[in-house]
Amino acid sequence: MMEFLTLFIALIVAAITYGTPLLFGTLGEILTEKSGSLNLGVEGIMFMGGAIGLGSVFYYEKWVAAPNPYLAVIIALVFAFLAGAFASLIFSFLTITLRANQNVTGLALAIFGTGVGQFIGEFMRVKEGGYISISNALKGYFQNSPFPQALQNIPFVGKILFGNSFFFYLGLVLAIGMFWYLNKTRSGLYLRAVGESPATADAAGINVGRTRYIATIIGGGISAIGGMIYIMTIAGCVWNHEGLSGVGWLAVALVIFCMWRPLNAIWGSVLFGALMILYLRLVIAFIPTQLYKILPYVVTVIVLVFSSMRNNREKQPPQSLGLPYFREER
């Protein structure tokens, strides 16, 4: 019994670790889609955030004699956010200003961003003549828990509640803050109105274009932070050009799974994190590994089918999601 409980706790902790990048990728896309913009380029955005986030800390440590670990974490967050914001600015210009097809543009951004991230990562690797990694002293500040060991040693719940990286707790604060913003603030309600009916919002004096620009750019920056977190925690602060493959698409699927609700993204990301590593923890000889890896998508499809059958408006996407707004047609 104790052995089973130990294994279960280890599974939950690992699920939280793998789910944290998904949490940020999902929250960023939720904010974007709530405004009516459908950005399918999350995969590319997370690749850019991972490569640039790691590179910023790598060169900061290389150029500074005694790097400040807390400043290193801030630098990684800022540069990853800026990378995602820049990519989303391009997407916004094409889809909001030029009114290009959002599906096609998002897919193009996914390919473009993945290529840019891999190019930057490999360029740094070739230039430095080896693997791009940071020192073990800095790694601990990205990977270890911010809570004292005494709290982590609490029987049964210590590791689950207090044994995770700083980024998981930052994600919790972000999810709660986003829920409060979207439901309790005037600008958040304006943003939701733009996603539901931009013509009505425009008639009420809300600037539809500006609202979508801001939501898409900030959402892209948040998603890019998820890519940085993956590289700095799961990948061990070492660049791997295939490490992030599929994570961005899982984040997009998770948006549907959690019904566009930030708070649902917390437990949803942990569940998806568990499904991501299930093939390592529950090995059944006659079941191929590939079947394990498609479980998150299968679960998403099942949830989408059931939610559509129930015809519950609260569980449907914003009505204007993916549709360009033409003011002259109002």
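Up top is the structure these notes are about.
In this report, the structure presented in the accompanying data block is examined. (Residues numbered from 1 in each chain as written. Predicted model: local features only at pLDDT ≥ 70, side-chain atom pairs only at ≥ 80, totals over all residues. Heavy atoms only, no water.)

Next up on the list: the overall build of the protein chain. Tallying secondary structure elements over the protein chain gives 15 helices and zero strands in all. For the protein chain, the C-alpha radius of gyration of 20 Å lies close to 20 Å, the compact-globule estimate for 330 residues. Viewed in the frame of its principal axes, the protein chain has a C-alpha envelope of about 60 × 50 × 40 Å. Nonlocal contacts in the protein chain, meaning residues at least 24 apart in sequence, comprise 76% of its contacts between residues at least 6 apart. Carbon and sulfur atoms make up 68% of the accessible area of the protein chain, which amounts to about 15800 Å² in all. Between the mean site of the 20 positive side-chain charges and the mean site of the 13 negative ones, the protein chain shows a separation of 7 Å. (Helix = DSSP H or I, 4+ residues; strand = E, 2+ residues; numbered from the N terminus. Rg over C-alpha atoms; globule rule 2.2 N^0.38 Å. Contact = heavy atoms within 4.5 Å. Areas by Shrake-Rupley, 256 points an atom, 1.4 Å probe, with all protein chains shown as cover. Lys, Arg positive; Asp, Glu negative; His and termini not counted. Charge placed at Lys NZ, Arg CZ, Asp CG, Glu CD.)

In helix packing, the relevant descriptors are the interaxial angle and the interaxial distance, both defined with respect to the helix axes. Following both chains from N to C, one finds helix α2 (residues 42-63) and helix α4 (residues 102-128) inclined at 25°, their axes separated by 6 Å at the closest point. In terms of axis orientation, α2 runs roughly parallel to α4. As for the relative orientation of α2 and α4, their crossing is left-handed in sense. Of the residues in α4, those in contact with Glu43, Gly44, Ile45, Phe47, Met48, Ala51, Ile52, Gly55, Phe58, Tyr59 and Lys62 of α2 are Leu109, Ala110, Gly113, Thr114, Val116, Gly117, Gln118, Ile120, Gly121, Met124, Lys127 and Glu128. Residue classes in the contact of α2 with α4 are distributed as twelve nonpolar, seven polar and four charged. (Axes fitted to C-alpha atoms, helices over the stretch in contact; angles between N-to-C directions. Parallel < 35°, antiparallel > 145°, perpendicular 65-115°, else oblique. Left-handed = near helix turned anticlockwise from the far one by under 90°. Nonpolar A, V, L, I, M, F, W, Y, C, P; charged D, E, K, R; others polar.)

Right, let's talk about α4 for a bit. The end-to-end C-alpha distance of α4 is 38 Å, a good match for the 39 Å that 27 residues give at a rise of 1.5 Å each. Residues of α4 that are buried include every one of Gln102, Thr105, Gly106, Leu109, Ala110, Gly113, Thr114, Gly117, Gly121 and Met124, and no others. The N-cap of α4, judged by a side-chain oxygen 2.9 Å from the amide nitrogen of Asn103 a few residues on, is Asn101. At the exit of α4 stands Gly129, carrying a positive phi of roughly 75°. (Expected span 1.5 Å × (residues − 1). Buried < 20%, exposed > 50% of the residue type's maximum accessible area, 1.4 Å probe, protein only. Polar contact = N/O pair within 3.5 Å; in protein donor to acceptor, adjacent residues only side chain to side chain.)

The next subject is the nonpolar core. Soluble, globular proteins show a tendency: their nonpolar side chains are buried together. Among the nonpolar cores identified, the biggest contains 60 residues, and Leu22, Val57, Ile134, Phe142, Met228, Met232 and Phe272 are the most heavily contacted of them. Of all elements in the fold, only α1 (2-34), α2, α3 (69-97), α5 (136-143), α8 (166-184), α11 (208-234), α12 (247-257) and α13 (262-281) reach the threshold of two or more residues within this core. When residues in this core are grouped by element, the largest group, nine residues, is from α2. Residues contacting Ile134, with those up to four places away along its chain left out, are Leu54, Val57, Phe58, Glu61, Lys139, Phe142, Met232 and Cys237. Among the nonpolar cores identified, the runner-up in size contains seven residues, and Ala83, Ala87, Phe91 and Leu109 belong to it. (Core = buried A, V, L, I, M, F, W, Y, C linked by side-chain atoms within 4.5 Å.)

The next subject is the side chain of Thr114. Its location among the elements puts Thr114 in helix α4. Among the residues examined, Thr114 registers a relative accessible area of 16% and is labelled buried. Within the local environment of Thr114, its side chain forms a polar contact with the backbone oxygen of Ala110, the two atoms lying 2.6 Å apart. If we ignore the near neighbours within four places in the chain, the residues touching Thr114 are Glu43, Gly44, Phe47 and Leu109.

Looking now at the packing of α2 against α12. Axis separation between α2 and α12 bottoms out at 7 Å; the angle between their running directions is 130°. Classed by the angle they form, the pair α2 and α12 counts as oblique. For the element pair α2 and α12, the recorded crossing hand is right-handed. In contact with Val42, Glu43 and Met46 of α2, α12 contributes Val247, Gly248, Trp249, Ala251 and Val252. Taken together, the residues of the contact of α2 with α12 break down into six nonpolar, one polar and one charged.

All right, on to the packing of aromatic side chains then. The tally for this structure, following the rule as stated, stands at eleven aromatic pairs. Relative to Phe123, the ring of Phe119 lies with its centre 6.0 Å away and its plane at 25°, an arrangement referred to as stacked. Taken together, the positions of Phe119 and Phe123, both in helix α4 and four residues apart, correspond to about one turn of that helix. Overall, the relative accessible area of 57% leaves Phe119 in the exposed class. Here the aromatic cluster, defined as three or more aromatic residues joined through ring pairs, consists of Phe147, Phe162, Phe168 and Tyr169. (Phe/Tyr/Trp six-rings, centres within 6.5 Å; stacked < 30°, edge-to-face > 60°.)

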